[in-house]
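If you want the building blocks of each chain, they are given just below.
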Amino acid sequence: MKAAAFAYARATSVANALELLAAHGDRAKVLSGGQSLMPAMNLRLVSPDIVVDIGGLHELGGFTLKKDILVIGALTRHVDLLRSGEVAVHAPLLRDAVAHVAHPAIRNRGTLGGSLAHADPASELPACAVTLDATIVVRSAGGERRIAAGEFFRGIYETALSSEELLVAVELPVAGEGSTFFFQEFARRHGDYAIAGLAARSVVKSGTFADLQLGFFAVGDRPLLAVAARRLINVSITPVTVAEAVAALTDELDPQEDQLASAAMRRHLAGVLLRRCVATLLSRPELDVGVAE
Amino acid sequence: MTAPVPVSLLVNGDPVEAIVLPRLNLADFLRDNLKLTGTHVGCEHGVCGACTVRVNGEIVRSCLILAVQAQGSSVETIEGLSDSGEIADLQAAFRERNALQCGYCTPGMLITAQDLLKHTSAPDRGAIRDHLSGNYCRCTGYQAIVDAVEATARARAERST
Ligand SMILES: Cc1cc2nc3c(=O)[nH]c(=O)nc-3n(C[C@H](O)[C@H](O)[C@H](O)COP(=O)(O)OP(=O)(O)OC[C@H]3O[C@@H](n4cnc5c(N)ncnc54)[C@H](O)[C@@H]3O)c2cc1C
Ligand code: FES
Ligand code: FES
């Protein structure tokens, strides 16, 4: 199918884009990489009156390191995240995750800002933003707002952004000394949206977790920081503590059912990911077995 | 407001000027306006890869780009890659290995495979499958396609040593 007719405006600056958004409100749609917006328009799931193309705004691209914060511009493409030395060193979780986002031809166009603004619950980068305690910087004609990633995602395709706001950058605390990361997802085929996934960050000291953040995705209406992770902090990890954490996680999740998987299957896969994650981060493969003593 | 917009770009090295409706995607622009029908359209939502072309040297889905977004860029289609001889060996390997069935997916497969071979000199079968995983072949010629890409990679590596 083809997109319905719309008017097109190529924004000449961020200020110009914000003026256009203020003038048109929710009749306008921002176009950055187009890798989610265009399919939605071709399927006639959305039919904006006007498309505001921010693709040429180079001021929204690139990486800046400010002390212990890595600032990534909204228009930074997935392929740039994959290739960036800054990301590899300071945000390795993001690098691991982005390799799972779609396919090369799509990663060449899709952007970090677009992925976060689109807020598909099965997508990888929103989960990383939540796990890494990112701050999402948004701007409107009235000024700038900074939103914690944990408050940014509101539901399926729903965020704290208003129709007059532009997501301009993402701020990530750089990976501290001693932080380790884990990223895995189950998908039907590499590059497909996940059936269940986990983006995790930990600090391991003397064989126990001094800190652990577990950002699950595709198992709810938004990326979810599992409360169950707290059970694993500062305790000795045994098959029993892991089994308890998996049980707590299973209670905590409220996965959706769709053509890919039932809710029960998603709960099960989330538990498998939790076990693998703990075993990997602690370098204790025996914990992955999933059999309690 | 939904009025046509002027666009100027390079297609296979030649300057092109046109006036297009904003809703026209690059795949349809290439096929209908420029009669470059080697670029195929399968799904129109980025899933099948039949419409893959190069924009400023990088592979993209032409069904997910508006023609107006290509303003100022350099687009290369299967016709361009074919006429320049850049992929002659890859095309020959597709023929020899029986990687051509109906041929619908072939332009997208060739452009995507050439993209891999440009970036990686000796991809293994896993890397080839991974890079082509966003391209559907409805004749399910996958095995033969991977064979052809692998053979081309080997032959190119031998030639360069
Ligand atoms: C076949 C296929 C497979 C895919 N698989 C995956 C996958 O496995 N995982 C995954 O995460 N994604 C996947 N995607 C989506 C892809 O990763 C997109 O790149 C990404 O979700 C959206 O980024 P974009 O820059 O293309 O945004 P666009 O499509 O341009 O925009 C998406 C939405 O965000 C809004 N928006 C964009 N930028 C801004 C901004 N700066 N400020 C405010 N609003 C903005 C738009 O108005 C629109 O509503 C897939 C896409 C395709 C076509
Ligand atoms: S037609 Fe573009 S990916 Fe299928
Ligand atoms: S050869 Fe027929 S679709 Fe691939």
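Look up a bit, the structure's there.
About the criteria used
Residues numbered from 1 in each chain as written. Chains lettered and ligands numbered in written order. Predicted model: local features only at pLDDT ≥ 70, side-chain atom pairs only at ≥ 80, totals over all residues. Heavy atoms only, no water. Axes fitted to C-alpha atoms, helices over the stretch in contact; angles between N-to-C directions. Helix = DSSP H or I, 4+ residues; strand = E, 2+ residues; numbered from the N terminus. Left-handed = near helix turned anticlockwise from the far one by under 90°. Contact = heavy atoms within 4.5 Å. Nonpolar A, V, L, I, M, F, W, Y, C, P; charged D, E, K, R; others polar. Core = buried A, V, L, I, M, F, W, Y, C linked by side-chain atoms within 4.5 Å. Buried < 20%, exposed > 50% of the residue type's maximum accessible area, 1.4 Å probe, protein only. Polar contact = N/O pair within 3.5 Å; in protein donor to acceptor, adjacent residues only side chain to side chain.

Visitor: A description of the packing of helix H10 (residues 239-252) of chain A against helix H11 (residues 263-281) of chain A should follow, citing residues and the corresponding values.
Guide: All names here are of chain A. Between H10 and H11, whose axes approach to 9 Å, the crossing angle comes to 145 degrees. The way H10 lies across H11 gives a crossing that is right-handed. Contacts from Val242, Ala243, Ala245, Val246, Leu249 and Thr250 of H10 reach H11 at Arg267, Ala270, Gly271, Leu274, Arg275 and Val278. Tallied by class, the residues present in the contact of H10 with H11 amount to eight nonpolar, two polar and two charged.

Visitor: Explain the nonpolar core to me, and be specific about the residues and the numbers.
Guide: When a protein is soluble and globular, its nonpolar side chains tend to lie buried together. Judged by nonpolar contacts, the single largest core of 40 residues is most densely connected at Leu94(A), Leu116(A), Leu125(A) and Phe152(A). Considering every element that reaches this core, the biggest residue donor is helix H8 (residues 124-131) of chain A, with five residues. Once you skip the residues sitting within four places of it in the chain, Leu116(A) turns out to touch Leu125(A), Pro126(A), Ala129(A), Ile136(A), Phe152(A), Phe153(A), Thr159(A), Leu167(A) and Val170(A). Formed by 34 residues, the second largest nonpolar core is a distinct cluster that contains Leu37(A), Phe29(B), Val55(B) and Leu64(B).

Visitor: Hey, could you go over the side chain of Thr52(B) for me, with residue numbers and the actual values?
Guide: Residues and elements named next belong to chain B. Tracing the backbone shows Thr52 in strand S3 (residues 52-55). By relative accessible area, Thr52 is classed as buried at 1%. Only 2.6 Å separates the side chain of Thr52 from the backbone oxygen of Gly49, close enough to count as a polar contact. Contacts of Thr52, omitting those with residues within four sequence positions, involve Ile59, Val60, Arg61, Gly108, Ile111, Thr112 and Asn135.

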